[in-house]
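A structural walkthrough
So the chains spell out like this:
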Amino acid sequence: MEVPQETLDQLSTWFLQSLSLDASLRRAAESSLLSAATSPGFPLALLKLSSLPSVDLQIRLASALHFKNLLKSRWAPTSDNPLPDSDKNLMKSLLLPLLLQSPPLIQSQLSEALAIASSHDFPSSWPSLLPDVISSLGTSLSSGDYTSVNSLLSAANSLFLKFRHSFDTQALRLDLKYCLDLFAKPLLETFLNTSNLTTPAADPSVLKPLLECQRLCSEIFHSLNSIELPEFFEDHMSEWMEKFRFYLTSTFAPQVETDGTADALRASICENLQLYMEKNEEEFKDYLEGFATAVWGLLMNAAKSPSRDQLAVTAIKFLTTVSTSVHHALFGSPEVLGQICNSVVFPNLRLRDDDEELFENNYVEYIRRDSEGSDTDTLRRTACELLKGLAVNYREQVMGLVSAQVQSMLAAFNANPAQNWKEKDAAIYLVVALSPKPGATTGYLVDVESFFTSVILPELQGQDPNAVPILKAGALKFFTVFREQIPKPAALSLLPGVIRFLGSESNVVHSYAATCIEKLLLVKDKGPMPGPTARYGAADIDPYVPQMLTGLFNALEMPDSQENPYVMKCIMRVLGVANISVEVATGCISKLASVLAMVCENPKHPLFNHYLFEAIAAVIRRAGERDASVILIFEKTLFPELEKILVKDISEFWSYAFQIFTLLIDLHAPPLSDGYMALFQVILDPSSWKRSGSVPALVRLLQAYLRKMPNELNREGRLGQVLGIFSQLISTPSTEELGFFVLNTVVENLSYEIISPYISNIWGALFSRLQNRRVYKFIIPLLIFMSLFLIKYGAGVLVDSINSIQQGLFLTILQQFWISFSTKISGSVEQKLITVATTRLICESPLLLDPAASENWGKLVDSIVQLLTNSDQAGADFEDDADVPETIEYTGSFARLHNAGKKEDDPLKEIHDPKQYFVSSLSRISSQFPGRFGPVIQQFVSPANQTALLQLCGAYNSAIV
């Protein structure tokens, strides 16, 4: 693999700069790497750089990571810019040897790269890979080189992971059979031979690579057994299970026990036991009791270490699976239940030292584990899941044990609050963790109302927000979890206390206070259609809003909370609900603009930044709709920061900035200022449309301009530029729908005299595209555009302008697409458009009123009746308050701002009922030609739709004569 030294030196420089703290240097390096990515030989240069021992390890790691990500985006033949086959073949010949000789950090990245490539090419296009692995594995085992053995097993493990995670298909099963035929026997031989070398008292330096080998064998065992129990593994189950139990019940040298090597193997074995319990319970039942005893013995070991914690998690998960299976009687006796709860569950509920450290030093990770469901692999959560599993079959006994334990914990706390506060924290955690999920049929395991009154209220009503912060956090979490059960008057009475906790010095506490307020504003009460209604509205929270916003913005100034996503999300929610005065709104926009200026320097928290822009949009929308004069103040405050985003090319924020500009234009009274006109020229530049993630926002911004100043389009060739953008969008499947949005807006806002010079080009572009793309996703928006065109300019203009392209073309489009696809249109506005347009066609167009066109006329009537019937069955539409995303990454994709959204325009506001319009129009045209349309309906409208049409006529007191 020959790569010029200057290329390697340049890459090294760029990767070193990409790790710089200097944002401008880092961006320049990232831009250079992006530009070089399409150069011939670039991926091979990355692979070469990552393999050079003389290069700094951080640069090698960055190169390997870049190589892996490049394979992820370009290895697939269907990717936008797939790698050449010649490069792929060379990389396939190099990957395995380089992986074997690389240090662990590089090896892990190359192993993932191997998995990416193999997911597309293995085994059909890479038949040599697995035989090469097996051959090298045999050689390494013979020489006792367990460093190479483990590298090879790690590579094999990467190959087989797809059997755990991919959707079960026939093709996947064929790949699995190929792997089993070649690898099942060598895997077992490796496992058994290594086991014979493994003696518990062996020297740790000898033992550690052997146990790592067994862990990798166990991981591969899991992958190869994930879809179903293979025949080879069923035939050799006793051999596998005997050794699995040996590793679970043996004690090794202290160094191996304390450094996590042995526990990592045991944890993997427990995952395999759980897999067999879930998928192969019948075949596994003879081994179950022995393994239950072995796992139980592991859990009784009181050793405390991170590795033992992870082992305990997997072991408890296995016992949880057993507890909910037909073998639950293993835990059914009162003695065993008591032992499980007192020796496994309850001790693991108490806060650990590392939990306290996380609470103090990494509040985001603590909250993710404690409140956001990412604690599924923590001892606290898994212990509670075991308790829930036991309660499935032994509810009364578990309730008694839990109730007694909660009382015991609270009694210990009351005896010495300063010393035993962790007991109260554990009690709160237990009650919250055991709360049933929404919609569950099981009830609570404790008396929640009594617990709230006696345990939670004293914490919420405490005047010192900094006293025992973990208990304050637990109480706020309890309030948040049970917010729907707490009556509205009680919740509102507690709101000042929650606001007070926004001033807590603890990041977790003021984050939980913000989350509590935010979630409270999302509570909905069931009511009559069209849907649930918010329990807390503007009138409920307006008295608290000044203190609330003050507390929230002050929280953003606390150490480590300058970019606190929970606080910003609460600001967003409050501003979206409350009726804020001009004074409050201008103060908020000023503070939000300051925050925006800060994050523009280094956009590093996608979720926080999304909520920030949502909050800005909420202020503009809520305050601007009440008092349009405030928009000028907002523009003066925000324009410098929004322009900075465009001028400094802060690509992460482009789509957000365009959405904010759109909202400001929507609310701005014409004429638009010079600043807006300068921006208009920017968005008419084709280069502005090269970032696919910004295109939806640009389309919305362009639509806002077209609505606000349509006459400007007829000047300086702007309409031609807009239609050029339409042509660019319509040419790509991912943006063609956006092209129709632009075109629809042009038609809605311009007279036919203005667009007529361009109409032939428009139809030409659309029908040329239709020839190569006869798919639903293109045809439906095309029909909607044609309907809008007809409604705006008339049936005659539609027919004549299309026929000017090619004589008789309209009739072809009508027969092949309009009649067949119009019944498939969804959305109330879209269905109204196609109904009214089709009605006008059959009632106004001479082409269709010609007796020779009776068949087309009848089929169009049939399609309208079918569409109206479908809309009845679909039910009523109603708009709910869509929530904003919980997770966002900077991926280059579009992130819509809910608060900047615009409700769908109805170009037919004057027509309230499309059914009435249809039958009354049909009745009028039939009265002009008595006796003509009845036979046509009988011949070309289906019997079911004839019945439906009669019912419609009766409902609207109309008749077809």
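Residues numbered from 1 in each chain as written. Predicted model: local features only at pLDDT ≥ 70, side-chain atom pairs only at ≥ 80, totals over all residues. Heavy atoms only, no water.

Some details on the overall build of the protein chain
Regarding its fold elements, the protein chain presents 49 helices and 2 strands. Projecting the C-alpha coordinates of the protein chain onto the three principal axes gives extents of approximately 100 × 70 × 65 Å. Looking at the protein chain as a whole, 54% of its 961 residues are labelled buried. In the protein chain, of all internal contacts separated by at least 6 residues, the share reaching a separation of at least 24 is 74%. Accessible area for the protein chain stands at about 41800 Å²; split by element, carbon and sulfur atoms hold 53% of it. When the 77 positive and 104 negative side-chain charges of the protein chain are each reduced to one mean point, those points stand 4 Å apart. (Helix = DSSP H or I, 4+ residues; strand = E, 2+ residues; numbered from the N terminus. Buried < 20%, exposed > 50% of the residue type's maximum accessible area, 1.4 Å probe, protein only. Contact = heavy atoms within 4.5 Å. Areas by Shrake-Rupley, 256 points an atom, 1.4 Å probe, with all protein chains shown as cover. Lys, Arg positive; Asp, Glu negative; His and termini not counted. Charge placed at Lys NZ, Arg CZ, Asp CG, Glu CD.)

Some points on the UniProt feature "domain: Importin N-terminal" (unreviewed entry) in the protein chain
UniProt tags residues 29-101 as "domain: Importin N-terminal" (unreviewed entry). In residues 29-101, the share of helix is 73% and the share of strand is 0%. The end C-alpha atoms are 29 Å apart. (UniProt positions renumbered as here; feature names shortened; annotations may be inferred.)

Observations concerning the packing of aromatic side chains
Using the criterion set out here, one finds 40 aromatic pairs in the structure. Both rings, one in tryptophan 857 and one in phenylalanine 933, keep their centres 4.2 Å apart while their planes meet at 20°; by these two values the pair is stacked. Taken together, the residues span a long stretch of sequence, with tryptophan 857 in helix α46 (residues 854-874) and phenylalanine 933 in helix α48 (residues 933-940) at a distance of 76 residues. Like tryptophan 857, the residue phenylalanine 933 is buried in the burial classification. Across from the ring centre of phenylalanine 501, 5.9 Å away, lies the NZ or CZ of arginine 500, which sits over that ring. The residue whose ring lies beneath lysine 824 is phenylalanine 821, and the NZ or CZ to ring-centre distance is 5.4 Å. (Phe/Tyr/Trp six-rings, centres within 6.5 Å; stacked < 30°, edge-to-face > 60°. Lys NZ or Arg CZ within 6 Å of the ring centre and 35° of its normal.)

Notes on empty space enclosed by the protein
Any space left empty among the atoms is revealed by the rolling of a water-sized probe across them. Taken as a whole, this structure holds 3 cavities of 30 Å³ or more when the rule is applied. Put simply, the largest cavity is a space of about 80 Å³. Among the residues forming the lining of the largest cavity, the class breakdown is 7 nonpolar, 1 polar and 4 charged. (1 Å grid on protein atoms, 1.4 Å probe; cavity = no way out; pocket = protein on both sides within 12 Å on 5 of 7 lines; lining within 4 Å. Points joined across faces, edges and corners; volume = space filled by probe spheres on them. Nonpolar A, V, L, I, M, F, W, Y, C, P; charged D, E, K, R; others polar.)

As for the packing of helix α34 (residues 654-667) against helix α36 (residues 695-708)
How two helices sit against one another is set out by the angle between their axes and by the gap between those axes. Running from N to C, α34 and α36 point in directions that differ by 20°, and their axes come no closer than 8 Å. The angle between α34 and α36 places the two elements in the roughly parallel class. Handedness of the α34/α36 crossing: left-handed. Taking contact as the criterion, the partners of Ser655, Phe658, Gln659, Phe661, Thr662, Ile665 and Asp666 in α34 are, on α36, Ala697, Leu698, Arg700, Leu701, Ala704, Tyr705 and Lys708. For the contact of α34 with α36, the per-class residue count stands at 8 nonpolar, 3 polar and 3 charged. (Axes fitted to C-alpha atoms, helices over the stretch in contact; angles between N-to-C directions. Parallel < 35°, antiparallel > 145°, perpendicular 65-115°, else oblique. Left-handed = near helix turned anticlockwise from the far one by under 90°.)

With respect to the packing of helix α7 (residues 129-143) against helix α10 (residues 170-197)
Between α7 and α10, whose axes approach to 11 Å, the crossing angle comes to 10°. For the element pair α7 / α10, the angle class is roughly parallel. In this structure, α7 contributes Leu130, Pro131, Val133, Ile134, Leu137 and Leu141 to the contact, and α10 contributes Tyr178, Cys179, Leu182, Phe183, Pro186 and Thr190. Residues belonging to the contact of α7 with α10 are distributed by class as follows: 11 nonpolar, 1 polar and no charged.

Considerations on the environment of glutamate 635
Within the fold, glutamate 635 resides in helix α33 (residues 630-647). Put simply, glutamate 635 and aspartate 168 are 467 residues apart on the chain and 54 Å apart in space, counted from C-alpha to C-alpha. If we skip the residues at most four places from it in the chain, glutamate 635 touches Pro640, Leu664, His668 and Tyr676.

Things to note about unusual backbone geometry
Omega for the bond connecting phenylalanine 122 with proline 123 falls within 30 degrees of zero, at 0°, which places this linkage in the cis form. Mapped onto the fold, proline 123 is located in the loop between α6 (104-121) and α7. One non-glycine residue, aspartate 560, adopts positive backbone phi at about 70°. With respect to the helices and strands, aspartate 560 occurs in the loop between α29 (545-555) and α30 (565-577). Given a relative accessible area of 56%, aspartate 560 falls into the exposed group. In this structure, asparagine 957 takes a positive phi of about 55° despite not being glycine. In this fold, asparagine 957 is placed in the segment after α49 (943-955).

Topic: helix α20 (residues 363-371)
Residues of α20 that are buried: Tyr363, Val364, Tyr366, Ile367 and Asp370. All buried residues of α20 project into a common sector of 160° when viewed along the axis, lining one side. In this structure, the buried side of α20 is in contact with α19 (353-361), α21 (379-393), α23 (421-433), α25 (469-481), α27 (507-520) and α30. (Arc of directions from axis to C-beta.)

Quick look at the environment of arginine 308
Residue placement: arginine 308 occurs in helix α17 (residues 306-323). For arginine 308, a relative accessible area of 8% translates into the label buried. In sequence terms arginine 308 and tryptophan 296 are 12 residues apart; their C-alpha atoms lie 14 Å from each other.

Details of the state of the cysteines
In a disulfide, the sulfur atoms of two cysteines are covalently bonded to one another. In this structure the tally under the stated criterion is 0 disulfides. The cysteine cysteine 588 is free of any disulfide, with cysteine 570 supplying the nearest cysteine sulfur at 12 Å. (Disulfide = S-S within 2.5 Å.)

What about the environment of glutamine 405?
Structurally, glutamine 405 can be placed in helix α22 (residues 395-415). Assessed through its relative accessible area of 12%, glutamine 405 is described here as buried. Counting along the chain gives 18 residues from glutamine 405 to glutamate 423, while the straight-line C-alpha distance between them is 10.0 Å. Setting aside chain neighbours within four positions, we find glutamine 405 in contact with Asn342, Phe346 and Arg350.

Points about the pattern of salt bridges
With the rule as written, the count across this model stands at 36 salt bridges. One salt bridge in this structure joins lysine 519 and glutamate 518, with 3.8 Å as the shortest N-O distance. Across the salt bridge formed by aspartate 525 and arginine 535, the nearest N and O atoms sit 2.9 Å from each other. Placement of the pair is aspartate 525 in strand β1 (residues 524-525) and arginine 535 in the loop between β2 (533-534) and α28 (538-541), with a sequence separation of 10 residues. (Salt bridge = Lys/Arg side-chain N within 4 Å of Asp/Glu carboxyl O.)

Quick look at a negative patch on the surface
On the surface, a cluster of negative charge is made up of Glu231, Glu234, Asp235 and Glu283. Considering every element that reaches the negative patch, the biggest residue donor is helix α12 (residues 231-235), with 3 residues. Secondary-structure assignment places glutamate 231 in helix α12. (Patch = residues over 30% accessible without salt bridge, like charges linked within 9 Å, V, L, I, M, F, W, Y side chains within 5 Å.)

So, the side chain of lysine 477
Within the fold, lysine 477 resides in helix α25. Sequence-distant contacts of lysine 477, that is, excluding residues within four places in its chain, are made with Asp370, Ser371, Tyr429, Val432 and Tyr512.

Notes on the confidence of the model for the protein chain
With 95% of its residues at a pLDDT of 70 or more, the protein chain shows a mean pLDDT of 90. Between the elements of the protein chain, mean pLDDT differs from a low of 86, seen in α46, to a high of 97, seen in α27. Below pLDDT 50 for its whole length, residues 874-883 participates in 13 contacts with residues either more than four positions away or in separate chains. (pLDDT = per-residue confidence, 0-100.)

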